[in-house]
Amino acid sequence: MRKTTERLSASTRAIYESLNVADDEILGELEETASHLIGARRHSTEQSFALGAYLERAAELLPDGRLDKWVVQRCDYTTRHVRTFRAIYRNLSDYKDTLVELAVGSTVLGKLSAAEPGQIEQAIGFAMQHGRLRVADVAGILAGAKQAGDDARPDESTYDVGGIEGLKAIIAIKVRDGLKSFLGHVEEIRMHVAAALLEKRVIKKTLAAQIHLTARLARKELESLAQFVMPNPHFEYVIWETKLPANTRWSDVGNLLHKIGGTDTWPERGELRTWLENEVLPLLEWASAKTKDPVWPMTGKALTSPAATSLVEASSVAIDERRRQDDGASVRAGSETGTVEAGAVKRLEAMLAPFGAKVTMEPTVASKQILSEDSIPSLADVLAEPPKAFKRPVFLDRAKAAADKANAEPAPAVSR
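Residues numbered from 1 in each chain as written. Predicted model: local features only at pLDDT ≥ 70, side-chain atom pairs only at ≥ 80, totals over all residues. Heavy atoms only, no water.

**Things to note about the confidence of the model for the protein chain**
Atomic detail in the predicted coordinates should be set aside for any region of low pLDDT. When pLDDT is averaged along the protein chain, the result is 74; 64% of the residues meet or exceed 70. At the low end of the mean pLDDT range in the protein chain sits helix α14 (residues 311–352), at 51; at the high end sits helix α12 (residues 249–261), at 93. Segment residues 149–155 is flagged for pLDDT under 50; beyond a separation of four residues in sequence, or across chains, it makes 5 contacts in the model. Note on residues 329–337: pLDDT under 50 across the span, and 1 contact to partners over four residues away in sequence or across chains. (pLDDT = per-residue confidence, 0-100. Helix = DSSP H or I, 4+ residues; strand = E, 2+ residues; numbered from the N terminus. Contact = heavy atoms within 4.5 Å.)

**Looking at a nonpolar patch on the surface**
Nonpolar side chains collect at one region of the surface, where L167, I171, V175, L179 and L225 lie side by side and expose about 400 Å² of accessible area between them. Following the sequence through the fold, L167 ends up in helix α10 (residues 163–198). (Patch = residues over 30% accessible without salt bridge, like charges linked within 9 Å, V, L, I, M, F, W, Y side chains within 5 Å. Areas by Shrake-Rupley, 256 points an atom, 1.4 Å probe, with all protein chains shown as cover. Salt bridge = Lys/Arg side-chain N within 4 Å of Asp/Glu carboxyl O.)

**What to know about the packing of aromatic side chains**
Per the counting criterion, the structure on display carries 4 aromatic pairs. A centroid spacing of 6.0 Å and a plane angle of 50° characterise the contact between F235 and Y237, whose relative ring orientation is tilted. Aromatic pair W266 and W275: ring centres 5.5 Å apart, planes at 55°, arrangement tilted. By the burial criterion, W266 is buried, and W275 matches it. Three or more aromatic residues link up through ring pairs in this structure, and these residues are W250, W286 and W296. (Phe/Tyr/Trp six-rings, centres within 6.5 Å; stacked < 30°, edge-to-face > 60°. Buried < 20%, exposed > 50% of the residue type's maximum accessible area, 1.4 Å probe, protein only.)

**Considerations on the pattern of salt bridges**
A pair can form between side chains of opposite charge whenever their charged atoms are brought close. Within this structure, the stated rule accounts for 12 salt bridges. D94 is paired through a salt bridge with K180; the nearest N and O atoms lie 3.4 Å apart. Residue D94 is located in the loop between α5 (79–92) and α6 (96–101), and its partner K180 is located in helix α10; the two are separated by 86 residues in the primary sequence. The exposure class assigned to D94 is partly exposed, which follows from its relative accessible area of 48%. Between E187 and R190 there is a salt bridge; the shortest N-O distance is 3.0 Å. Separated by 3 residues within a single helix, E187 and R190 lie in helix α10, roughly one turn from each other. Owing to a relative accessible area of 33%, E187 belongs among the partly exposed residues under this scheme. A cluster of three or more residues bridged by salt bridges with shared partners is formed by E56, R86 and R90.

**Structural notes on the nonpolar core**
Grouped together as the largest cluster of nonpolar side chains are 30 residues, with contacts concentrated most on V193 and L276. Elements supplying a minimum of two residues to this core: α10, α11 (204–226), α12 and α13 (269–287). With 9 residues, the single largest contributor to this core is α13. Counting 26 residues, the second-largest nonpolar core is a separate cluster that includes L55, L92, L99 and A127. (Core = buried A, V, L, I, M, F, W, Y, C linked by side-chain atoms within 4.5 Å.)

**Observations concerning unusual backbone geometry**
Although it is not a glycine, A103 adopts a positive phi angle of roughly 55°. With respect to the helices and strands, A103 occurs in the loop between α6 and α7 (106–112). By relative accessible area, A103 is classed as buried at 2%.

**A look at the environment of S44**
Positionally, S44 belongs in helix α3 (residues 24–61). Considering only alpha carbons, one finds S44 and A103, 59 residues apart in sequence, at a separation of 8.0 Å.

**Examining α10**
Spanning 36 residues, α10 covers 53 Å between terminal C-alpha atoms, matching the ideal 52 Å at 1.5 Å per step. When α10 is considered as a whole, its buried residues turn out to be G166, A169, I173, R176, G178, F182, H185, V186, I189, V193, A196 and L197. In this structure, the buried side of α10 is in contact with α8 (117–130), α11, α12 and α13. (Expected span 1.5 Å × (residues − 1).)

**Describing the side chain of S113**
For S113, the location among the structural elements is in the loop between α7 and α8. Dropping the residues within four chain positions of it, S113 is found in contact with A87, I88, N91 and L92.

Shown next as structure tokens:
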């Protein structure tokens, strides 16, 4: 139970101090009960968004102006419920995950659905800092923004919240805005590709000018949202971006965006339409799908990218390979050279054995002793020495004698 008390935030600990609860065992049981109750509230938060989604769908199916009547007569809901849950779904969906984690109640969600994006972020930061969010807290944020006037910037307070909770708040902003921007750029690429495919002939140059820069931006946004950083294991002053796991679907999406961003790697005109129809559009639709667990359209097909391995990673691989080569270079060189020399000596000895000749090998360059400068004769000394007379090699005399002896022996008689 001690670990439970150590994990308590300052605000939670203050609650138990105000209630005079000091026993660790009792406190632990209370915290376990609180986790179940908060879990039920989180489920209630998810239900609020689900109800809003259902009401939005019903509004699409019914004629204009008939939703309120249908809900009152068929579902026993009030028109106020309809407006509240639809506003929650429309205005707070971008913050859904964070609000579910904070277990914000449906009444507070209804109040918060009328706020501006900056005010919503301020309310989330407040909830993270204090561990809760009440209707009065949201009302105070809305009233404060109204009194401050049009020049007020209440969202700045989100970046002033310290500690882990403050960091979570600005991360939530990054995820929300970054995801929205990424999906917007993917949709822009899809629209241009779909429009190009409606034409009788896809003009590669025109389409590339429309989407290649957007694809580069979308790829960097995906990296910013989904990848981490780490130090280079060989050069500590170099910081790497980690890569999405190879042969995964999101890795394929990143590779596709890289390919779209580099027009030199696009297929030729004869295969361009097929590539756009069967690879580009299906993959981008999968990446931007709003349905849960969309069907992967590229079953059994792996995508590759010329930049699947970054320059930093490639240099690291080259360094490792060079080190392995350096470690084994001397051993391989010595063994290979020795094997070649031994084989050559054996072949020469077999060839010259009938003549009684012996084979001697000059030492290799590595084994020769380096001569000093004093022992090297000058050009004048060499010219001053008398020329040496030519001496016939001994093995030639022995070879000639063996040949003469063979010629002198009588030929064997041939039987008839």
